[in-house]
Amino acid sequence: MLSIKNIHANIDGKEILRGINLDIKAGEVHAIMGPNGSGKSTLASVLAGREEYEVTEGTVTFLDKNLLDLSIEDRAREGLFLAFQYPVEIPGVSTTNFIKAAVNEKRKYHGQEPLDALAFLKIMKEKMALVEIDQSLLSRSINEGFSGGEKKRNEIFQMAMLEPKLAILDETDSGLDIDALRIVANGINKLRNENRAILLITHYQRLLDYIQPDYVHVLYNGRIVKSGTKELALELEEKGYDFITDETDLAAKE
Amino acid sequence: MTNIAYFTDQFEGLAATDSTSTIKELSKAAFDTFNQSGLPTYKLEEWKYTNISSLFDKNYQFSKEDSKENLSLAGLRALNLPGKNEANELYFIDGRFMPGLSKMISSEKELIILPLEEAAKGPYQKIVAEHLGSSSKYLKDGLHALNTAFIQDGVFIYLPKGQQLDAALYLHHINNANTENILSQPRSLVYLAENTNLQLVETYTTLGSMDSFSNEVIEIVLQENAFLAYYKLQNDGANAAQVSSTQIHQIGKSYVQTLTIALNGGVIRNNLNLILDAEGNETHLYGLSLLKGNSHVDHHTLVDNKQPNCFSNQLYKGIADDTATGVFSGRIIVQPDAQKTNAYQSSKNIILSERATINAKPQLEIFADDVKCSHGCTVGQLDEEAMFYLRARGLPLKTAESLLLQAFASDILNQIKLEPLRIHVEQLILDQLASS
């Protein structure tokens, strides 16, 4: 579904990603872990199309299309979803109207009729129950005055509404207490299926207690330096990132 | 500038017409002022950002009697103007109030509408004598004087004691620039007696492709416990220039809300004066400019606090695209007697193009010691993070931009309590955002 080959990316002339290779198939859940500044969020941003990053080398293929050629909105319509680490507050724009517009833009892109108000409402009710989000949040402006947990839940709700092929969850666990984390993780687990791939980006192992990944990759200095199964995450939790970063630094010196 | 000679010529013609002594004296004094001051130039501090005199390089004509005959009420009502069916409507053609075109819902007991000349000699003589022209104390420029010098076919609007009008009153200003450049000078005096409620709306439309210049003066007086919502909707062509002076004099403890919406036009200058002349007055001033092309909109506000315990709040928002320029100049005066004044002012702006300009100039003149006053101004761009968020969910760039601009404007638009007007304005804004 997603194939990343030798991606290099800069911001303000500084190289952050230095040759990333990653293949994700439908139905798989991959976790990318790594210390602060290793390039995790940059990878998410590059995939979603954030314009301040410049890709200098490499290719990304998503569903047989060259992802890097697509506009931000076309990536979303093709089925890529980025759950933000810091969801933006947008006063004055109603959450419900926004989600309806987003859903219908995607339908239009795929040659489908827009949903009418009734059909939209029905789907919304279903998905609200799925991710345990309250109607009162959705009738407010986008994320305005939401708590950290409410913002993340709203992200997962939007993911449920947009039914992406590939969901990239950027530090979705950050800033959540244990109860909020459980609700959010439950929502994500319910959205897991054989047609959908999920890329979890996280600093801590604790999210992976709730969402079991098929693969774990460690990102360091802009490269994937180690890949494994979920046991790798447990090892990281126990020994810290040092055991991998030291190894890598040593190898680089030799 | 040949126009000065033209005005003198016209004024001499006017002197021969039959008018009341009140208006004649006012008019003569104003013409002297006009002759002394001429048209305001950018050398005057108050006109620094708005160049009006250069517009007079071309020749404007006052309307001729016959030109307005061609416009029928049916034709006017086919224009996309708000206020149809549910409101009282008065039409000004080329600056002249046309009683024959009025469409009234309220009865003559509820709302009194008279030609100004008639009001000046009837039972309202005293009110006219006392309040007509009072804005010249604050607006001393030649253009304001020019309007007063040519007071002709103005309107007098009187809301009798206790009238709480449900139906709004619209003043539609139509300039007929089909065959020549038109100079129109509408003049209105509005009086709200005790315990009244009025929703007053002004709109401006230029027909034809010649140039029009509207030099308007409207004076509004509020008695004890009167409530006024005053809306000004400016959505005219690039060939339409306008100087619109509104003075609201709160002589009794009363409540005023003003909302000025400038969507399109050539050069627009709005003078809005609030004279808080009774203890406990409350006033809210809102403004929204949504400018593109080469539009220029200059909002000049003045809040003169003369009595204690008055409250005023100003919130003006502006969006400027292309080579448009916006100006907000807000002056607050707190007189020595006006203790416990609360006066606030804020101007927030978004610039969408590198060649658009916003100038903001707050002025606080405080002569009392126990007051709360503040002012603030921001100029910025659309929030990039919010743009990215909306697009990352599949919204097209244009839609995302339009949503954010609507959101920016929404707290002003939500202040339009007159619902049909709000819907009309929201649609105009949607259309304008979609077309840019």
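Residues numbered from 1 in each chain as written. Chains lettered and ligands numbered in written order. Predicted model: local features only at pLDDT ≥ 70, side-chain atom pairs only at ≥ 80, totals over all residues. Heavy atoms only, no water.

Residues and elements named next belong to chain B. Enumeration according to the criterion identifies 0 disulfides over all chains in this entry. Looking at Cys-310, it has no disulfide partner, and the nearest cysteine sulfur is the one in Cys-373, 12 Å off. Among the cysteines around Cys-377, which has no disulfide bond, Cys-373 carries the closest sulfur, lying 17 Å off. Taking the relative accessible area as the measure of exposure, Cys-377 reaches 40% and is therefore partly exposed. (Disulfide = S-S within 2.5 Å. Buried < 20%, exposed > 50% of the residue type's maximum accessible area, 1.4 Å probe, protein only.)

Residue and element names in this part refer to chain B. Running from amino to carboxyl end, helix α8 (residues 397–413) crosses helix α9 (residues 419–435) at an angle of 155 degrees, the nearest separation of the two axes being 11 Å. By the angle between their axes, α8 is roughly antiparallel relative to α9. The interaxial crossing formed by α8 with α9 has right-handed handedness. Two secondary-structure elements touch here, α8 through Ser-402, Leu-405, Gln-406 and Leu-413 and α9 through Arg-422, Val-425, Glu-426, Ile-429, Leu-430 and Leu-433. Class assignment for the residues of the contact of α8 with α9 results in 6 nonpolar, 2 polar and 2 charged. (Axes fitted to C-alpha atoms, helices over the stretch in contact; angles between N-to-C directions. Helix = DSSP H or I, 4+ residues; strand = E, 2+ residues; numbered from the N terminus. Parallel < 35°, antiparallel > 145°, perpendicular 65-115°, else oblique. Left-handed = near helix turned anticlockwise from the far one by under 90°. Contact = heavy atoms within 4.5 Å. Nonpolar A, V, L, I, M, F, W, Y, C, P; charged D, E, K, R; others polar.)

This part takes up helix α9 (residues 230–239) of chain A. An α-helical turn contains 3.6 residues, so a residue and the one three or four places further along point in the same direction. All names here are of chain A. For α9, every residue scored as buried is listed here: Leu-232, Ala-233 and Leu-236. All buried residues of α9 project into a common sector of 105 degrees when viewed along the axis, lining one side. Exposed side chains of α9 directed beyond 90 degrees from the buried face belong to Glu-237 and Glu-238. Note on α9: the residue one or two positions beyond its end, Gly-240, has a positive phi of about 80 degrees. (Arc of directions from axis to C-beta.)

Once that is clear, we can look at the sheet that holds strand β4 (residues 53–62) of chain A. All names here are of chain A. If you trace the 4 strands from one edge of the open sheet to the other, you get β2-β1-β4-β5, paired in antiparallel fashion. Both outer strands of the open sheet, β2 (14–24) and β5 (65–66), are each paired with one neighbouring strand and no more. Of the strand pairs in this sheet, β4 and β5 are connected by 2 bridges, and their pairing is antiparallel. Each residue of the ladder has a partner; that of Thr-61, found in β5, is Asn-66. (Pairing = 2+ DSSP bridges.)

Our next topic: the domain arrangement of chain B. All names here are of chain B. You can read the domains of chain B as domain 1 (3–278) and domain 2 (383–436). Centre-to-centre separation of domain 1 and domain 2, based on C-alpha positions: 31 Å. Both sides together, the interface formed by domain 1 and domain 2 hides about 1,200 Å², and carbon and sulfur atoms give 69% of it. The three residues of domain 1 that bury the most area against domain 2 are Tyr-231, Leu-259 and Leu-263, which together make up 35% of that side's buried surface. Here domain 1 is connected to domain 2 by 0 salt bridges. The interface formed by domain 1 and domain 2 contains 4 residue pairs in polar contact (both at pLDDT 80 or more). Among the secondary structure elements, those contributing two or more residues to the side of domain 1 that touches domain 2 are β8 (197–207), β10 (227–235) and β12 (255–264). Per-element accounting of the side of domain 1 that touches domain 2 gives the leading share, 5 residues, to β12. Of the residues belonging to the side of domain 1 that touches domain 2, the class tally is 10 nonpolar, 5 polar and 1 charged. (Domains from an automatic or database assignment. Buried area = accessible area lost by both parts, 1.4 Å probe. Salt bridge = Lys/Arg side-chain N within 4 Å of Asp/Glu carboxyl O. Polar contact = N/O pair within 3.5 Å; in protein donor to acceptor, adjacent residues only side chain to side chain.)

A few words on the packing of aromatic side chains. Residue and element names in this part refer to chain B. A full pass over the atoms with the stated rule returns 25 aromatic pairs over all chains. Ring geometry for Tyr-6 versus Phe-62: centroids 5.8 Å apart, planes at 25 degrees, classification stacked. Separated by 56 residues along the polypeptide, Tyr-6 in helix α1 (residues 3–15) and Phe-62 in the loop between α2 (21–37) and α3 (73–77) bring together distant segments of the chain. Phe-62 shares its class with Tyr-6; the two are buried. An angle of 5 degrees between the planes, with centres 4.8 Å apart, marks the rings of Phe-227 and Tyr-255 as stacked. Linking Phe-227 in strand β10 with Tyr-255 in strand β12, this pair joins segments that are 28 residues apart in sequence. Residue classification places Tyr-255 among the partly exposed residues on the basis of a relative accessible area of 24%. Site record: aromatic cluster; members linked through ring pairs are Tyr-6, Phe-7, Phe-11, Phe-31, Phe-34, Phe-56, Tyr-60, Phe-62, Phe-150 and Phe-213. (Phe/Tyr/Trp six-rings, centres within 6.5 Å; stacked < 30°, edge-to-face > 60°.)

It is worth spelling out the pairing of strand β14 (residues 282–291) of chain B at this point. Residues and elements named next belong to chain B. Where burial is concerned, most of β14 is hidden: 9 out of the 10 residues are buried. Of the pairings in the sheet, the one linking β12 to β14 comprises 8 bridges and is parallel in character. In the sheet register, Ile-261 faces β14, and the bridge partner there is Leu-288.

Let's shift gears to the interface of chain B and chain A. Interface size is commonly expressed as the accessible surface area that is lost when the partners come together. At the interface, 18 residues of chain B touch 28 residues of chain A. A combined buried area of about 1,900 Å² lies between chain B and chain A, and 65% of that area is made up of carbon and sulfur atoms. Close ionic contact of Arg-393 of chain B with Glu-155 of chain A constitutes a salt bridge, the shortest N to O distance being 2.8 Å. Applying the counting criterion to the chain B and chain A interface returns 11 residue pairs in polar contact (both at pLDDT 80 or more). Broken down by secondary-structure element, the contributors of at least two residues to the side of chain B that touches chain A are α7 (384–391) and α8 of chain B. Taken together, the residues that form the side of chain B that touches chain A break down as 11 nonpolar, 3 polar and 4 charged.

Let us look at the packing of helix α3 (residues 95–109) of chain A against helix α4 (residues 117–131) of chain A. All names here are of chain A. Between α3 and α4, whose axes approach to 11 Å, the crossing angle comes to 105 degrees. On the basis of their axis angle, the class for α3 and α4 is roughly perpendicular. Residues Thr-96, Ile-99, Lys-100 and Val-103 of α3 form the contact with α4, whose own contacting residues are Ala-117, Phe-120 and Met-124. Here the contact of α3 with α4 is composed, by residue class, of 5 nonpolar, 1 polar and 1 charged.

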